[in-house]
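Spelled out, the chains give:
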Amino acid sequence: MRKILLCCWIALFLFTTASPASAQGTVTFGEIQTNYNFGDQAVFQADLNTSESVQEIVLFLEQPGEDTLVRPAVITQNSQAETVLDLKEYPLRPFAQITCYFRLKTLDGQSFESNRATFHYTDNRFNWDLLEDEDFQVYWYGRGITFGQSVLNVARAGLESAQRYINAPMPQPLQIYVYDNAADLQSALSLGLQNAWVAGHASPDLNTVLVSIPSGPQQQLELERQIPHEIAHILQYSLVGDKYAQMPVWLLEGTASLAELYPNPDYPRAIVDAVESGSLLAFDSLCITFPRDASGAFLAYAQSESFIRFLYRTYGTSGLSGLFEAYSDGLGCEEGAHAALNTGLDELEYRWQQSALGINSEWLVVRNLSPYLLLLAVLLVPPLAVGLTKRK
Ligand SMILES: [Zn+2]
């Protein structure tokens, strides 16, 4: 199995940029060679010439958005510096540009470093095909070129759709990786069972999108749903940069869901059910995170999409941009809405319920008071009944 993997991915062996080996004092490193099986194991090796007694040798690994990792290295019988990294214990960021180098310390305290090597940590469990234009690089496996072209077409339409709601340029080229099924994607992201409903993922700082599109009659609809959604997340990052994490989740997921070319047909039903059962989620509970369970998360997406649609119709793209700007400024969930739209989140939510869901305020008051009305009835009816009986 491993041999097949070795053959099928050209980038399995990756070399340093073509710089000469560094020569410092009496210690000389060759170029670092990297060889990995995605999510399993990586081996880093470099020829080593030294006449010094070695006290310690380590490998440094730098990846975007993560702390630098330092792992011990050994000197092999072939006079190579070598580190074998267990990727299950020390996972690298999928599709990130990784930089690595060895550092050697001699017994008398001198330090020597190898040249830095960089490689792209691609998921080499699969044999990816590539189709690209000036905006997108589309990667997929196991399906023909027609599928790749469909992905590219949807990506172009999805970008147009997402830019209707998020006024930001897309960094080019955006890399889109299409997995065949959700399990392959989830294993690439090292997600546990609690995230088993995750189908797509964006790494905006890596300008990379991962989606999972099973073959079958739903294939095109899934493309039209997932790809514009993830492109929207890329645009949001382009708009607010590292303030992305400060944005309310209902704003991020609501605009991304609204950008979908094929809106989820089950969202309206989920909202109607929640209205009927009195289980609508309050938006101030959806600022930091969404519910972890699948049905709670589904309702949160459905509500956020409907809420953003209402805000877009009421305040336009500039209103949505104002929200992103206010939250970038560090304002809280309630305060940001007030600063951008002159209306608090509670009031916006109330208006959304009236306008988009047709819930009138009297009905809401009655519904919210219904437990108390029932209690009142229980308390009042027996004395009244007694009174009526006595009057007889
Ligand atoms: Zn999303």
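Everything numeric in this text was worked out from a predicted model, so none of it was measured. (Residues numbered from 1 in each chain as written. Predicted model: local features only at pLDDT ≥ 70, side-chain atom pairs only at ≥ 80, totals over all residues. Heavy atoms only, no water.)

Colleague: In this structure, what is going on with the coordination of the zinc ion? I would like to understand it.
Modeller: The protein atoms donating to the zinc ion are His229 (NE2), His233 (NE2) and Glu253 (OE), with metal-donor distances spanning 2.0 to 2.1 Å. Along the chain, the residues donating to the zinc ion are arranged with the sequence spacing H-x3-H-x19-E. With histidine 229 and histidine 233 both in helix α4 (residues 219–240) and four residues apart, this pair spans about one turn of that helix. There is no split in this pair, since histidine 229 and histidine 233 are both buried. (Donors = N, O, S within 2.8 Å, 3.2 Å for Na, K, Ca; no water. Helix = DSSP H or I, 4+ residues; strand = E, 2+ residues; numbered from the N terminus. Buried < 20%, exposed > 50% of the residue type's maximum accessible area, 1.4 Å probe, protein only.)

Colleague: Is there a simple way to explain the packing of aromatic side chains in this structure?
Modeller: To describe a pair of aromatic rings, one takes the distance between the centres and the angle between the planes. Scanning all chains against the criterion turns up 25 aromatic pairs. Their ring planes at 50° and their centres at 6.1 Å tell us that phenylalanine 44 and phenylalanine 119 sit as a pair that is tilted. Of the two residues, phenylalanine 44 sits in strand β5 (residues 41–50) while phenylalanine 119 sits in strand β12 (residues 117–120), which places them 75 residues apart along the sequence. For the pair formed by phenylalanine 44 and phenylalanine 119, the shared burial category is buried. With 5.3 Å between their ring centres and 90° between their planes, tryptophan 128 and tyrosine 179 make a pair best called edge-to-face. One end of the pair, tryptophan 128, is in the loop between β12 and β13 (129–132); the other, tyrosine 179, is in strand β15 (residues 174–179), and 51 residues separate them in sequence. Tryptophan 128 gets classed as buried once you look at its relative accessible area, which sits at 7%. Tyrosine 179 gets classed as buried once you look at its relative accessible area, which sits at 0%. Site record: aromatic cluster; members linked through ring pairs are Phe95, Phe126, Trp128, Tyr139, Tyr141, Tyr177 and Tyr179. The residue whose ring lies beneath arginine 116 is tyrosine 101, and the NZ or CZ to ring-centre distance is 3.8 Å. (Phe/Tyr/Trp six-rings, centres within 6.5 Å; stacked < 30°, edge-to-face > 60°. Lys NZ or Arg CZ within 6 Å of the ring centre and 35° of its normal.)

Colleague: Hey, could you run me through the nonpolar core in this one?
Modeller: Within soluble globular proteins, side chains that are nonpolar tend to cluster in buried spots. With 67 residues, the main nonpolar core has Phe136, Ile231, Trp250 and Leu311 as its most contacted residues. Considering every element that reaches this core, the biggest residue donor is helix α7 (residues 294–328), with 12 residues. Two domains each provide a minimum of three residues to this core, namely domain 2 (126–245) and domain 3 (247–359). Not counting residues up to four positions away in its chain, the partners in contact with phenylalanine 136 are Leu131, Leu152, Ala155, Arg156, Leu159, Met170, Pro173, Leu174, Ile176 and Ile231. The next biggest cluster of nonpolar side chains, apart from the first, holds 39 residues, and it includes Ala42, Ile57, Tyr121 and Tyr177. (Core = buried A, V, L, I, M, F, W, Y, C linked by side-chain atoms within 4.5 Å. Domains from an automatic or database assignment. Contact = heavy atoms within 4.5 Å.)

Colleague: Looking at this structure, I do not really get the pattern of salt bridges. What am I missing?
Modeller: Oppositely charged side chains can form a pair if their charged atoms are brought close together. Summed over the entire model, instances satisfying the criterion amount to 11 salt bridges. Where lysine 88 meets aspartate 40, a salt bridge forms, and the shortest distance between an N and an O atom there is 2.9 Å. Taken as a pair, lysine 88 in the loop between β9 (80–86) and β10 (97–106) and aspartate 40 in the loop between β4 (33–37) and β5 lie far apart in primary sequence, 48 residues in all. Relative accessible area serves as the criterion here: at 57%, lysine 88 is assigned to the exposed category. Through salt bridges with shared partners, one network takes in Arg103, Glu113 and Arg116. (Salt bridge = Lys/Arg side-chain N within 4 Å of Asp/Glu carboxyl O.)

Colleague: Is there a simple way to think about helix α6 (residues 267–276) in this case?
Modeller: The α-helix advances 3.6 residues per turn, and as a result positions three or four apart in sequence lie on the same side. Those residues of α6 that sit buried are Tyr267, Ala270, Ile271, Ala274 and Val275. End-on view of α6: buried residues confined to an arc of 135°, all on one side of the axis. For α6, the exposed residues lying more than 90 degrees away from the buried face are Pro268 and Glu276. In the stretch just after α6, glycine 278 is the one whose phi turns positive, near 65°. (Arc of directions from axis to C-beta.)

Colleague: Where do I start with the sheet that holds β13 in this structure?
Modeller: The strands making up a sheet associate through hydrogen bonds between their backbones, and the pairing can be parallel or antiparallel. Spatially, β13-β14-β15-β17-β16 is the arrangement adopted by the five strands of the open sheet, whose pairing is mixed. What marks the edges here is a single partner per strand, and that holds for β13 and β16 (200–203). Each neighbouring strand pair of the sheet contributes to a mean axis angle of 15°, computed without reference to strand direction. The strands that helix α2 (residues 145–165) touches are β13, β14 (136–140) and β15; relative to β14, the one it contacts most, it runs at about 140°. Here α4 sits on the sheet in contact with β14, β15, β16 and β17 (208–212), set at roughly 155° to β17. (Pairing = 2+ DSSP bridges. Axes fitted to C-alpha atoms, helices over the stretch in contact; angles between N-to-C directions.)

Everything listed here is a matter of coordinates, which is why it stays silent on function.
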